[in-house]
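Coordinates in review
The primary structure of each chain is shown beneath.
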Amino acid sequence: MRLFRHTPWAAGLAAAALLLVPATASAGSQRPAAPHADAAAAATTAATVDEYYATAEGKTGAALKTALHNIIKNQSKVTYDGVWNALKVTDQDPANPNNVILVYSGRSQSKSTNGGGVNDWNREHVWAKSHGDFGTVTGPGTDLHHLRPEDVTVNSTRGNKDFDMGGSPVSEAPGSYTDADSFEPRDAVKGDVARMLLYMAVRYEGEDGFPNLEMNDRVNNGTAPYFGRLSLLKQWNQQDPPDAFEQRRNQVIFDTFQHNRNPFIDHPEWVNSIW
């Protein structure tokens, strides 16, 4: 069954895949690719994605979660130092190849300004590393599917808070809010945040010495290996479906770095099927 060709999200993924095709050389040195070549590239990507999830097709609920875990746990791992360079590729600004897009701030910033300074960007763990106490260990602590560039100050403000609505505006992150026990990201990445957390809850099931990460419907989870609030994250997944940036990012991680995918970017409808 070729779900990819018959669902709305599939068209978006095909379009995102085309963004990975390198631009043609300078004018006069090479003919542009024919339209049918782009279509063939999209069809190839469609087939690859279908095959990747073949063992999950037709499943729902716990059986689907287990099937997806068994698929996505097969991955290459990136070191914590290696995350710096990886994020410069995965989160590259489509309008400026010298910059990355900061996840909560939405700001385009020079790739070279990574570090620990006040206006630098650093490595934000969307699934806060204290939720399960995995730190920066190679595995959950370096998994690119939930690591994003963010302004150092904003990253500190977010801390290890669960995700919820409301609070005071976050300086340097327009549209984001925070209070004593939660953080609300800007509307454009609410779905991204949800799908990153849900990926982590499926990928890490207590194997390989890593904690069993799970979702719940509360905040103040502290150091427990849980994240919330699930009911709100499900809403965000529907309200903010995967866009071309998120789909391209998923493809780059698959092709270049970890060789596994976030299934909820490819199939956002699976969120409600599992939870």
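Attention here is on the structure that accompanies the text. (Residues numbered from 1 in each chain as written. Predicted model: local features only at pLDDT ≥ 70, side-chain atom pairs only at ≥ 80, totals over all residues. Heavy atoms only, no water.)

1. What to know about the overall build of the protein chain
Short version of the rule: Strands are runs of DSSP state E lasting at least two residues, helices are runs of H or I lasting at least four, and both sets are numbered from the N terminus onward. Type-normalised accessible area, obtained with a 1.4 Å probe on protein chains alone, sets the label of each residue: buried when under 20%, exposed when over 50%, and partly exposed for intermediate values. We call two residues in contact whenever any of their non-hydrogen atoms come within 4.5 Å of each other. Residue-level accessible areas treat just the shown protein chains as cover; the underlying method is Shrake-Rupley with a 1.4 Å probe.
Scanning the protein chain for helices and strands turns up ten helices and eleven strands. Out of the 275 residues in the protein chain, the part that is buried amounts to 52%. Pairs at least 24 residues apart make up 65% of the contacts formed inside the protein chain by residues separated by at least 6 positions. Accessible area for the protein chain stands at about 11600 Å²; split by element, carbon and sulfur atoms hold 53% of it.

2. Remarks on helix α6 (residues 190-203)
For clarity, the cut-off: Any helix carries an expected span of 1.5 Å times its number of residues minus one.
A rise of 1.5 Å per residue sets the reference length of α6, with its 14 residues, at 20 Å; its end C-alpha atoms lie 20 Å apart and thus fit the reference within 8%. Where burial is concerned, most of α6 is hidden: 14 out of the 14 residues are buried.

3. Some points on helix α8 (residues 244-257)
Put simply, the rule reads: Contacts described as polar in this section are N or O atom pairs within 3.5 Å, which, within protein, must combine one atom able to donate a hydrogen with one able to accept it, while residues neighboring in sequence count only if both atoms come from side chains.
Taking 1.5 Å of rise per residue, the 14 residues of α8 would be expected to cover 20 Å, and the 19 Å separating its terminal C-alpha atoms lies within 8% of that figure. Of all 14 residues in α8, eleven are buried, a share of seventy percent or more. Among the residues of α8, those classed as buried are F245, E246, Q247, R248, R249, N250, Q251, V252, I253, F254 and F257. Where α8 begins, one side-chain oxygen reaches toward the backbone nitrogen of F245, 3.3 Å away; that side chain belongs to D243. Just downstream of α8 lies H259, where phi reads positive at about 60 degrees.

4. Section: the sheet that holds strand β8 (residues 177-178)
Put simply, the rule reads: We treat two strands as partners when DSSP finds at least two bridges between them.
The strand order across the open sheet formed by four strands is β6-β9-β8-β7, and the pairing between neighbours is mixed. Looking at which strands have only one partner, the edges of the open sheet turn out to be β6 (162-163) and β7 (168-169). Across two bridges, β8 lies against strand β9 (residues 182-184) in antiparallel orientation. Residue pairing for β9: T178 is matched across the bridge by F183.

5. Details of the environment of I72
With respect to the helices and strands, I72 occurs in helix α3 (residues 61-72). For I72, a relative accessible area of 0% puts it in the buried group. Taking the C-alpha atoms as reference points, I72 and R203, 131 residues apart in sequence, are found 6.3 Å from one another. Contact partners of I72, with chain neighbours within four places excluded, come to Y52, Y199, V202, R203, N260, R261 and P263.

6. Digging into unusual backbone geometry
For residues other than glycine, phi is negative in most cases, and the peptide bonds are mostly trans. In this chain, G228 is followed by R229 through a cis amide linkage whose omega measures 5 degrees. Relative to the helices and strands, R229 is located in the loop between β11 (226-227) and α7 (230-239). Of note in the backbone geometry, D133 takes a positive phi value of approximately 55 degrees without being a glycine. Mapping D133 onto the fold places it in the loop between β4 (121-125) and β5 (147-151). With relative accessibility at 66%, the residue D133 sits in the exposed group. Positive phi, close to 60 degrees, is recorded for H259, a residue that is not glycine.

7. Comments concerning the pairing of strand β2 (residues 96-101)
Pairing of strand β1 (residues 92-93) with β2, which is carried by two bridges, proceeds in the antiparallel orientation. Looking at β2, one finds that Q92 is bridged to V100. With antiparallel pairing between neighbouring strands as the criterion, β1 and β2 make up a hairpin whose turn holds two residues. Hairpin connection between β2 and strand β3 (residues 108-110): a loop of six residues separates the two successive antiparallel strands, and G106 in this loop has a positive phi of roughly 75 degrees.

8. A word on the nonpolar core
To be explicit about the condition: To form a nonpolar core, buried Ala, Val, Leu, Ile, Met, Phe, Trp, Tyr and Cys residues must be joined to one another through side-chain atoms within 4.5 Å.
By size, the foremost hydrophobic cluster in this structure holds 44 residues, and its most contacted members are L68, Y104, W127, F163, L197 and M215. Elements represented by at least two residues in this core include exactly α2 (35-52), α3, α6, α7 and α10 (270-274). Counting residues per element, this core draws most heavily on α6, which supplies nine residues. Apart from residues lying up to four places away in sequence, L197 is in contact with V126, W127, F163, M215, F227 and L233. Among the nonpolar cores identified, the runner-up in size contains 14 residues, and V78, W84, W121 and L144 belong to it.

9. Brief notes about the sheet that holds β3
Strands sit in the order β1-β2-β3 across an open sheet of three strands; the sheet is antiparallel. Across the chains shown, the open sheet's two edge strands, defined by having one partner strand only, are β1 and β3. The pairing of β2 with β3 spans three bridges and is classified as antiparallel. Its bridge partner lying in β3, V100 is registered against Q109.

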